[in-house]
Amino acid sequence: MKKRFGLVLIEANVFAIWFVRVICLLLVIFNCSSLIELLENESFLRRGNLYTLENNPTGFYIRVTKYAVFAFLSLWFMTIGTKVKNET
């Protein structure tokens, strides 16, 4: 099976594609759970500093955006991004 990533053509078998899909599913679950936890607590701890929505909204929204983008990209790659056309 062949998979196109932009200008690169990668050949992989079905088991490798399913392994990548499972890894992407785990990333989606991790990022969504982290995003939900972040939105519920309205704060996060990074390198010993507590960032809250009131004290540092920029850092909070950057973290929310990071989790949301990674979850979306992992979900996209798991569903649409790993489809392979049968070229015979």
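The coordinates are above.
We now turn to the structure provided with this report.

What counts, and where the lines are drawn
Residues numbered from 1 in each chain as written. Predicted model: local features only at pLDDT ≥ 70, side-chain atom pairs only at ≥ 80, totals over all residues. Heavy atoms only, no water. Pairing = 2+ DSSP bridges. Helix = DSSP H or I, 4+ residues; strand = E, 2+ residues; numbered from the N terminus. Axes fitted to C-alpha atoms, helices over the stretch in contact; angles between N-to-C directions. Parallel < 35°, antiparallel > 145°, perpendicular 65-115°, else oblique. Left-handed = near helix turned anticlockwise from the far one by under 90°. Contact = heavy atoms within 4.5 Å. Nonpolar A, V, L, I, M, F, W, Y, C, P; charged D, E, K, R; others polar. Core = buried A, V, L, I, M, F, W, Y, C linked by side-chain atoms within 4.5 Å. Buried < 20%, exposed > 50% of the residue type's maximum accessible area, 1.4 Å probe, protein only. Expected span 1.5 Å × (residues − 1). Phe/Tyr/Trp six-rings, centres within 6.5 Å; stacked < 30°, edge-to-face > 60°. Lys NZ or Arg CZ within 6 Å of the ring centre and 35° of its normal. Patch = residues over 30% accessible without salt bridge, like charges linked within 9 Å, V, L, I, M, F, W, Y side chains within 5 Å. Areas by Shrake-Rupley, 256 points an atom, 1.4 Å probe, with all protein chains shown as cover. Salt bridge = Lys/Arg side-chain N within 4 Å of Asp/Glu carboxyl O.

1. A closer look at the pairing of strand β4 (residues 49-52)
Within a regular strand, side chains alternate between the sheet's two faces.
Right, on to step 1. With four bridges connecting them, strand β3 (residues 43-46) and β4 associate as antiparallel partners. Note on β4: the bridge partner recorded for S43 is T52.
Right, on to step 2. In sequence, β3 turns back onto β4 through a hairpin of two residues, with R47 there showing a positive phi of about 50°.

2. Describing the packing of helix α1 (residues 14-41) against helix α2 (residues 57-79)
Any two packed helices are characterised by how steeply their axes cross, that is the angle between the axes, and by the distance between the axes.
Right, on to step 1. Close contact between α1 and α2 brings their axes to 8 Å; oriented N to C, the two are set at 155°. With respect to α2, the axis of α1 lies roughly antiparallel. With respect to the hand of their crossing, α1 and α2 are arranged in left-handed fashion. Residue-level inspection shows V20, R21, C24, L25, L27, V28, N31, C32, S34, L35, L38 and L39 of α1 in contact with α2, the latter providing F60, R63, V64, Y67, A68, F70, A71, S74, L75, F77, M78 and T79.
Right, on to step 2. Class assignment for the residues of the contact of α1 with α2 results in 18 nonpolar, four polar and two charged.

3. Topic: the nonpolar core
As a rule of thumb, soluble globular proteins bury nonpolar side chains together.
Right, on to step 1. Ranked by size, the top nonpolar core spans seven residues in total: L35, L38, F44, Y51, F60, V64 and Y67.
Right, on to step 2. For this core, the secondary-structure elements that each account for two or more residues are α1 and α2.
Right, on to step 3. Leave out the neighbours within four places in its chain, and V64 touches L35, L38 and L39.

4. Overview of α1
Right, on to step 1. Here α1 is 28 residues long and its end C-alpha atoms lie 41 Å apart, about the 40 Å a rise of 1.5 Å per residue gives.
Right, on to step 2. Listed in full, the buried residues belonging to α1 are I17, R21, C24, V28, N31, S34, L35 and L38.
Right, on to step 3. Contacts made by the buried residues of α1 are with β3 and α2.
Right, on to step 4. Residue E42 follows α1 closely and has a positive phi angle near 55°.

5. Quick look at the packing of aromatic side chains
Right, on to step 1. Applying the stated criterion across every chain yields a total of one aromatic pair.
Right, on to step 2. The ring of W18 carries R21 above its face, with NZ or CZ at 4.8 Å from the centroid.

6. Things to note about a nonpolar patch on the surface
Right, on to step 1. Side chains of F19, V20, V22, I23, L25, L26, L27 and I29 sit close together on the surface and give an oily, nonpolar patch of about 700 Å² of accessible area.
Right, on to step 2. The residue L27 is located in helix α1 in this model.
Right, on to step 3. Overall, L27 belongs to the partly exposed group, its relative accessible area being 40%.

Purely spatial values, then, with no claim about function.
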